[in-house]
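Take a look at the letters that make up each chain.
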Amino acid sequence: MPAKSKSQQKAAGLALSVKRGETKKSELTGAAREMEESMSEEELEELASGQRKGKPEHKSDR
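Sequence order as written defines the numbering, with residues in each chain counted from 1. Per-residue local features are limited, in this predicted model, to residues with pLDDT of at least 70; the limit for side-chain atom pairs, both in listing and counting, is 80 or more; totals at the level of whole chains, interfaces and linings are taken over all residues. Computation of side-chain values: all heavy atoms of the structure, hydrogens and water removed.

Draft legend 1. A look at the environment of E43. Strands here are runs of E lasting at least two residues and helices are runs of H or I lasting at least four, both read from the DSSP assignment and numbered beginning at the N terminus. Within the secondary structure layout, E43 lies in helix α3 (residues 41-48). Separated by 41 residues in sequence, E43 and P2 have C-alpha atoms that sit 9.6 Å apart.

Draft legend 2. Examining the pattern of salt bridges more closely. Just to be clear on terms, a salt bridge is a Lys or Arg side-chain nitrogen sitting within 4 Å of an Asp or Glu carboxyl oxygen. Counted under the stated rule, the structure contains three salt bridges. The salt bridge involving E41 is made with R20; its shortest N-O contact spans 3.3 Å. With E41 in helix α3 and R20 in the loop between α1 (6-19) and α2 (30-38), this pair connects stretches of sequence that are 21 residues apart. For every residue, the accessible area (1.4 Å probe, protein chains only) is compared with the maximum for its type, and the residue is labelled buried under 20%, exposed over 50%, or partly exposed between those bounds. You can call E41 partly exposed: its relative accessible area is 30%. Overall, the relative accessible area of 40% leaves R20 in the partly exposed class. Salt-bridge contacts for R20 lead to E45; the nearest nitrogen and oxygen are separated by 2.9 Å. With R20 in the loop between α1 and α2 and E45 in helix α3, this pair connects stretches of sequence that are 25 residues apart. Assessed through its relative accessible area of 40%, E45 is described here as partly exposed.

Draft legend 3. Structural context of the environment of S17. Relative to the elements of secondary structure, S17 occurs in helix α1. Residues S17 and E41, 24 residues apart in the sequence, show an inter-C-alpha distance of 9.3 Å. The contact definition used throughout considers only heavy atoms, calling two residues in contact when any of these lie within 4.5 Å. Once you skip the residues sitting within four places of it in the chain, S17 turns out to touch E22 and T23. Two N or O atoms count as a polar contact when they lie within 3.5 Å, although within protein this holds only if one can serve as hydrogen donor and the other as acceptor, and sequence-adjacent residues are included solely when both atoms are side-chain atoms. One polar contact links the side chain of S17 to the main-chain carbonyl oxygen of L14, over a distance of 2.7 Å.

Draft legend 4. α2, seen in detail. The set of residues buried in α2 consists of A32, M35 and E36. Down the axis of α2, the buried set is contained in an arc of 100°. They therefore lie on one face. Turned more than 90 degrees away from the buried face of α2, the exposed residues are E34, E37 and S38. On its buried side, α2 packs onto α1 and α3. This arc is taken over the directions from the axis of the helix to the C-beta atoms.

Read these as geometric descriptors, not functional statements.
Okay, structure coming up:
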């Protein structure tokens, strides 16, 4: 399940760094905090990996 937008990918990367102990949990906000609590390290790694080029900054609802 690759990320659909740059912001989703960045949030997953930040949540992944908290899971690995590289970043403090207190630095998380919004989507990254929810991702860290609800997803496994493997799921976050899959979501955060891949190219950012060609992805929209935010996923549209359409």
